[in-house]
Structure formats: structure tokens, C-alpha cells
Amino acid sequence: MSAKEMDETLAEFFRRTILKIPMTEMMTILKTWNFLSENQLQTVNFRQRKESIVQDLVLLCEENHASLNDAAHLDIIYTQFHRHQKIWDVFQMSKAPGDDIDLFDMEQFKSSFKKILQRALKNVTVSFRDAEENSVWIRIAWGTQYKKPNQYKPAYVVYYSQTPYAFTSSSRLKSNLPLLGQALTVASKHHQIVKMDLRSRYLDSLKAIVFKQYNQSFETHNCTTSLQEGSLGLDINMDSRIIHENKVEKERVQRVTQEIFGDYPQPRLEFAQYKLETKFKSDLNGGILAEREEPLRCLVKFSSPHLLEALKSLAPAGIADAPLSPLLTCIPNKGKNYFKIRDK
Amino acid sequence: MELANTLRQDGESRGGVLAHLERLETQVSKSRKKLEEPQNAQALEARIHELKRLRDKLRAEVKQRQARVKASTANVEPDQILEISEQEILERKQENMKAILQAYRFTGISGKLTSRGVCVCISTAFEGNLLDSYFVDLVMEKPLWIHHHSVPVFIPLEEISAKYLQTNTRHFLFVLWEYLNAYSGRKYQADRLQSDFAAFLVGPLQRNSLCNLLSFTYKVKPEGQSFPFCARLLYKDLTTTLPTDVTVTSQGTEALPSTWEEQRAAHENLFFTKPLHQVKGNIALSAPMTKVMGFQKNLSRLSGQGPFHLTRTTDKQVFRVKSTASRF
């Protein structure tokens, strides 16, 4: 049987997409994709050099008459497995007051979203993949009036139905952002969309923050929910021959930290950024900067592999006073890690 | 001094100093002897008497005390037994209280006092099945505020708290319970439909987060059938578990034969009035009816006679055929 020859650019796109997949994940991802059958996968010798494996797989895709849509699906699955490779922004939508109950129809949403983009941009590839908790992953490859869509720089949107939040992977093609926002708003029957000052690689942490799911320990009579005893590694009753200096202060710090940060694992963020536009304040009278009328502009950025856990450990480690500044501790509560601070 | 005096008196007392000393010495030893002997005997005797008397007195006291202790322990024991059983009673009462507090869950809205306010537990149920519980941790300050909660993001918690939390907290909890309980019930029905009646479904069940729009295609019999129905259920009232809008349509483009049309209308009605998984149950039961109708039609067609009347026995398993025609 002769396979219909696949478009060269499409074949190349398949090749590059499959090549990206680490060998340790190859079988899992291919099975999730569910486009190549068990039998077909068994015909491939997975002990070859990766280049050869990929070549074999692309041939199989050609045999199955794989389309651009199938390739887009594979790309979505790869991104779902490697979501930390993208930086995600969060958008918040709002309804007009007095709007009807949201009777969200996923199929209607998808068709509406696609139509809006296709009407505005002749060249655009839109693909969908349903995910857990009634959510959908959307992949958009942008083109222009005259150029075909660039499949190598797609934007991703993750939307949980009947919520006001959408998560988008920051795309370098910023010019399409308003259109994307409009499509999301109209398709999900909202009125307005606003970009939140929240950004991170960790999509699940962003979701935990805006859905307010990060603190799930509750006091009940049934004692079935998690109530871990937080001790922050401070074993004061270790040995009665050892007397801890500042025991009272240490306990106070631990108590205050526990009140603010709780006993739960903190959502994961990599940085917090503070843009200051404030007048210079100094204890010393005089000095060059003290007489300055205009506000100083400066940027303070805190970075960490796990910012909130790091902040939580500052006071117990003795590096900072407890309680910490509310500017630092309000991050998950306010759903912000970008701040602009001006003089009141 | 004395030495000086004896020296002044001279004459007879020339060896006077030494003789004086001798005299003093004998005096001392005499007086010592005097002191010792009678005092020894008398004093010792007196002392002995005294000690004996003391000993007897103490012995008597010890005996008295022992007797008293024995008597008092004998008295105390029954008291202590009473104390123990009181403690047991209290412990049992405490456990009882704890169990009652735990059982409050079944009322739907229960809570536990916390250091800053109260943690409310909203328990949901549907048709006697206990479903998920949701929590709202309230801080008792003016104004009242929610510290954290486990209410899903698609439930309009902000709206409900904006309306009622400050002015009528009780009503706030009740309204929240209504929303959560109805959501749980709808979710339960949809889950049951997907799991228990998978054989009747053609394709996936389409649903959304609130489970207030359900769309699915189904067959009346699991094995092959010509007219699958498409059902679309809308629940516009988020506090109810039964749909507000139901449309059942046939998938094909041709007009439905009349029996199927009847069925279609009947199903629509069922969806309105019964929980989803019970509707499916009812539809499954009504399958033999369609067989009967088909059988009836076939009989007429084949024999050229008719009409036939079919009656069912009560267990709906046996059909008796009665014909008006003379041939049978």
C-alpha cells in the first residue's frame, strides 16, 4: 500500500515534535496520543539511534495519513508533560452584572473561539484537547494575512469551564494578545478580561493560588482533614541538659510564622518583583537624596527556586524579623507577584 | 590573788601555796565523788523511769494511729471506688458528646470553634448517599471574613457572601449549602449515568464544571437500534437537582415513526421528573414494550390478518396472543 505523501513541512513538523520527546517518555506520550496503534508501535525498533526511531515513527504517521490537527494534538500532549518549560500568565474575566446563569457548553465554546480567531486572521491553527476537571487546553499557531501559521511558536491557553480565569503561555507575538483575549471573553460569555499581575512557570501553583486551593487544612470534630503539626524542625525538648537561649522568642517566631504561612505546602513561584516609585526616606537629616522632590524609581526582585517556602523559612532561620512585611506575605492571598508601590 | 594573800600572811603558810593547792585538789576530788554517787543512782533511776514512761506512751500512740489508719482505709476504699466510676461516667459522657458533635455532619451544616472563629462544614447528600463535604473557615471579626475554604471556584461564593455574609450569616450558610448540595446531587447523577449506563450511551457524556448542562446520545436498548435519541438537559436553577429545560431529539433526519415519537415525548417527561440515573432505569425497563410493538406490527404484516391484541402477564414476561381473525 502506498502512503499518500505527506506535505514536507508537515513531515518536518512531526519530526521535530517527536524528536523533542525524551526517550524515557516516548512510549507514554505516544500512548497518550493514541494515534499510532499498538501493532504499529511494536514494529519500531526502539533500540536504534534516536534519529532512526523518529524517522520510523514519522513514516508510520504518514501511513496513517496524519494531519496537521494530529500533529497539533501531539504538541499539546508534549506541552502538558513539560508545562514547566513555559512561563504562564493569568487572565481574569468578569461578567456584566445581571448576566444569566452560565450554561457552559464546551462544544459551543470551542467552535465560537475558533470562529472568532479565524474571522480575524485568515491564517491561524486552533486545536483543542479536553483535560481534567472540565478544562480545555487550546493551542494556537499564529499566522498573518499573507503568511502561514508558524507552528514552532504556538501559544497555549488553559481554561477551566465556568471559572473567570484563563492561563496563557507567554507568547513572544504580543500583538495577538488582544485578539486572544477577545476570543476567550466572547466564547466563554464574559464581558471583560484583565491581565493579572501573576506569572510563574508552575501552572499548577498558579491554579492553586487563583482558585484558592492552596490551604486545605480545616479543623473538624471528625479529624479527617489534614492538620499537620508544624514544628519547622525546632525540637526544643531534645535533651533536658541543654537549655535553649531565647526559647521564648523562638516559640513566638514559630507561632507567628505558622499563623501567616499555615501548615500546608506553599504554592511554587520563582520570583516577586516590586517596582518602587517612592520618595526617598532617610533617618539622617540632609543628604543629597533626601531633598529630592521627585520619587525614586527602583526595582526590587526576589528570586528563588521556591520563593514562598524560602520566605517562610526566613524568620525561623533568624535572617528576618517575624512577622515579615505584608508586601511579602500577601502574595498568594492577593494573587500577585508583581507590585507597584507608590507614595500614598 | 589568793597567792598574793597567802604570801602576805606569811608565817604558818610558807609552804602555804603548795599545801593550799593540795587542799584544793582533795576538795575537788571529794566533791566529785559526792556529786557522782548519789546523783548517779538517783538520777539514773529517775531517768529510767522517765524513759520508760515515754516509751509506753509512744507505743500506745503508735497502736492508736495504726488502728485509726486501718479504720480510715477501710472507710476510704468504697469512696475511691465511687470516684473511679464517676470518672468513667464523665469519660463516657465526653465520648458521647464527641460522637454527637461528629454526627452533626448529617444535618448538612455543622461547625467547630477555632481560635479565631469557626470552621463550618457543609455536608452534601443525594437520595440518602452521603457525598462530599466542603469547609469555610470564618474569622469572627467586624467585618466577618473568610480565611480560607474548600468551595470549588465555579460556585459563586463571592456573590453569595457579598449578599449575606455580613447581614445574615445564617442565611449565607443556608444559601451556600443549597448551591453545594444541588451541585453535588447533579454531579452524582452525571457520574452514575456515565458509569452505570455506559452501555446505553453512544459517545461521551458532555458536561461542564457545574454539571448544569448535560448533553448525550443514548439508545433504548444496548444492542443495536435504529433510532438513538439525543438528550440535552439544562439546569438553570443552580439550587435544584432536576433540569429546568429538556430536549430529546432523534438523531436521524427522517421523521420518527409514531411509536418512537411517543417514546421520545415520554422520555422528555421522565427527564424532567426523575433523577437522571433513575430515568435510564425506567427506559431500560420499557424496552420490552418496544419489542412488543415491533412484534405486533410484524405479525400483522406477515399474516395479512389483524389487528392482533397482545396482553401481558403481570411479570411482563409472557404474552398471550389473541386474534380477532378466524384463522387462529
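Residues numbered from 1 in each chain as written. Chains lettered and ligands numbered in written order. Predicted model: local features only at pLDDT ≥ 70, side-chain atom pairs only at ≥ 80, totals over all residues. Heavy atoms only, no water.

### Considering a nonpolar patch on the surface
Residues and elements named next belong to chain B.
Right, so step 1: Where nonpolar side chains cluster on the molecular surface, the patch consists of Met97, Ile100, Leu101 and Tyr104 and spans about 370 Å² of accessible area.
Right, so step 2: Tracing the sequence through the fold places tyrosine 104 in the loop between helix H2 (16-103) and strand E1 (109-113).
Right, so step 3: Under the relative-accessibility criterion, tyrosine 104 is labelled partly exposed at 44%. (Patch = residues over 30% accessible without salt bridge, like charges linked within 9 Å, V, L, I, M, F, W, Y side chains within 5 Å. Areas by Shrake-Rupley, 256 points an atom, 1.4 Å probe, with all protein chains shown as cover. Salt bridge = Lys/Arg side-chain N within 4 Å of Asp/Glu carboxyl O. Helix = DSSP H or I, 4+ residues; strand = E, 2+ residues; numbered from the N terminus. Buried < 20%, exposed > 50% of the residue type's maximum accessible area, 1.4 Å probe, protein only.)

### Let's talk about the interface of chain B and chain A
Right, so step 1: Of the residues lining the interface, 27 residues belong to chain B; the matching set on chain A comes to 24 residues.
Right, so step 2: Summed over both partners, the interface of chain B with chain A comes to about 2,400 Å²; 56% of that surface belongs to carbon and sulfur atoms.
Right, so step 3: Looking at the side of chain B facing chain A, the largest losses of area belong to Lys112, His148 and Val153 of chain B, adding up to 23% of the total buried there.
Right, so step 4: On the surface where chain B and chain A come into contact, there are two salt bridges.
Right, so step 5: Two residues, lysine 112 of chain B and glutamate 219 of chain A, come together in a salt bridge whose shortest N-O distance is 3.6 Å.
Right, so step 6: Linking chain B with chain A are 12 residue pairs in polar contact (both at pLDDT 80 or more).
Right, so step 7: Of all the secondary-structure elements, those providing two or more residues to the side of chain B that touches chain A are H2, E1, strand E4 (145-149) and strand E7 (229-234) of chain B.
Right, so step 8: For the side of chain B that touches chain A, a count of residues per class yields 11 nonpolar, 11 polar and five charged. (Contact = heavy atoms within 4.5 Å. Buried area = accessible area lost by both parts, 1.4 Å probe. Polar contact = N/O pair within 3.5 Å; in protein donor to acceptor, adjacent residues only side chain to side chain. Nonpolar A, V, L, I, M, F, W, Y, C, P; charged D, E, K, R; others polar.)

### Side note on the nonpolar core
Residues and elements named next belong to chain A.
Right, so step 1: Core analysis: the largest hydrophobic core is formed by 29 residues, its most contacted members being Trp88, Val90, Phe167, Val210, Leu311 and Ile331.
Right, so step 2: Mapped by element, the contributors of at least two residues to this core are strand E1 (88-94), strand E4 (155-160), strand E5 (165-169), strand E6 (192-200), helix H8 (203-210), strand E7 (271-278), helix H10 (307-314) and strand E9 (338-342).
Right, so step 3: It is H8 that contributes the most residues to this core, four residues altogether.
Right, so step 4: When sequence neighbours within four positions are dropped, the list of residues in contact with isoleucine 331 reads Leu269, Ala272, Tyr274, Leu307, Leu308, Leu311, Lys336, Asn337 and Phe339.
Right, so step 5: Formed by 26 residues, the second largest nonpolar core is a distinct cluster that contains Phe35, Val44, Ala71 and Leu74. (Core = buried A, V, L, I, M, F, W, Y, C linked by side-chain atoms within 4.5 Å.)

### Some words on the confidence of the model for chain B
All names here are of chain B.
Right, so step 1: Across chain B, the average pLDDT comes to 79, with 74% of residues at 70 or higher.
Right, so step 2: Within the model, pLDDT remains below 50 along residues 287-297, and this stretch shows 14 contacts once partners closer than five positions in the same chain are excluded.
Right, so step 3: Every residue in residues 299-328 is under pLDDT 50, and counting partners more than four places away or in other chains gives 39 contacts. (pLDDT = per-residue confidence, 0-100.)

### Observations concerning the confidence of the model for chain A
Right, so step 1: In the predicted model, chain A carries a mean pLDDT of 88, and 91% of its residues have values of at least 70.
Right, so step 2: Confidence over residues 224-233 of chain A falls short of pLDDT 50; this stretch has 18 contacts with residues more than four positions distant or in other chains.

### Quick word on empty space enclosed by the protein
Residues and elements named next belong to chain A.
Right, so step 1: Within the structure shown, the criterion is met by three cavities of 30 Å³ or more.
Right, so step 2: Volume-wise, the largest cavity comes out at about 60 Å³.
Right, so step 3: Around the largest cavity sit Val256, Thr257, Ile260, Phe261, Leu311, Lys312, Ala315, Ala322, Pro323, Leu324 and Thr329, which together line it.
Right, so step 4: The element best represented in the lining of the largest cavity is helix H9 (residues 247-261), accounting for four residues.
Right, so step 5: Here the lining of the largest cavity is built from residues that sort into eight nonpolar, two polar and one charged. (1 Å grid on protein atoms, 1.4 Å probe; cavity = no way out; pocket = protein on both sides within 12 Å on 5 of 7 lines; lining within 4 Å. Points joined across faces, edges and corners; volume = space filled by probe spheres on them.)

### Some points on the sheet that holds E7 of chain B
Residue and element names in this part refer to chain B.
Right, so step 1: As summarised here, the arrangement of the four strands in space is E5-E6-E7-E8, forming an open sheet in which the pairing is antiparallel. Either end of the sheet is taken by a strand with one partner, and the two such strands are strand E5 (201-206) and strand E8 (245-250). The mean angle between the axes of side-by-side strands here comes to 10°, regardless of whether they run parallel or antiparallel.
Right, so step 2: One ladder, built from six bridges, connects strand E6 (residues 213-218) with E7; its direction is antiparallel. Across the sheet, tyrosine 218 pairs through a bridge with phenylalanine 229, a residue of E7.
Right, so step 3: Helix H5 (residues 258-273) contacts E6, E7 and E8 of the sheet and is inclined by roughly 155° relative to E8. (Pairing = 2+ DSSP bridges. Axes fitted to C-alpha atoms, helices over the stretch in contact; angles between N-to-C directions.)

### A few points about the side chain of threonine 114 of chain B
Right, so step 1: Position of threonine 114 of chain B relative to the elements: it lies in the loop between E1 and strand E2 (117-126).
Right, so step 2: Accessibility expressed as a relative area gives 13% for threonine 114 of chain B, which makes it buried.
Right, so step 3: Excluding anything up to four places from it in sequence, threonine 114 of chain B contacts Glu219 of chain A together with Cys119 and Asp137 of chain B.

### Side note on the environment of arginine 199 of chain A
Residues and elements named next belong to chain A.
Right, so step 1: Position of arginine 199 among the secondary structure elements: in strand E6.
Right, so step 2: For arginine 199, a relative accessible area of 23% translates into the label partly exposed.
Right, so step 3: Each residue touching arginine 199, except ones within four places of it in the same chain, is listed here: Ile87, Trp88, Asp89, Ser170, Leu206, Leu269, Phe271, Asn337 and Tyr338.
Right, so step 4: Side-chain polar atoms of arginine 199 contact the side chain of tyrosine 338, separated by 3.3 Å.

### Topic: the pattern of salt bridges
For side chains of opposite charge, pairing can occur when their charged atoms come near one another.
Residues and elements named next belong to chain A.
Right, so step 1: Counting across every chain of the model gives 27 salt bridges over all chains.
Right, so step 2: Of the charged contacts in the structure, one is a salt bridge between lysine 110 and glutamate 107, with a shortest N-O distance of 3.8 Å. Of this pair, lysine 110 and glutamate 107 both sit in helix H6 (residues 106-120), three residues apart, which is roughly one turn of that helix.
Right, so step 3: The exposure class of lysine 110 is buried, given its relative accessible area of 12%.
Right, so step 4: Classification of glutamate 107 by relative accessible area gives partly exposed; the value is 39%.
Right, so step 5: It is possible to trace a salt-bridge network through shared partners that takes in Glu12, Arg15, Arg16 and Glu51.

### Digging into the layout of surface pockets
Residue and element names in this part refer to chain A.
Right, so step 1: Roughly 540 Å³ of internal volume is contained in the second largest pocket.
Right, so step 2: Taken together, 23 residues form the lining of the second largest pocket, with Lys86, Tyr152, Lys153, Pro154 and Arg172 sitting closest to its centre.
Right, so step 3: Counting only elements with at least two residues in the lining of the second largest pocket, the list comes to helix H1 (8-20) and helix H5 (68-81).
Right, so step 4: For the lining of the second largest pocket, the leading source of residues is H1, giving four residues.
Right, so step 5: Of the residues assigned to the lining of the second largest pocket, the class counts are seven nonpolar, eight polar and eight charged.

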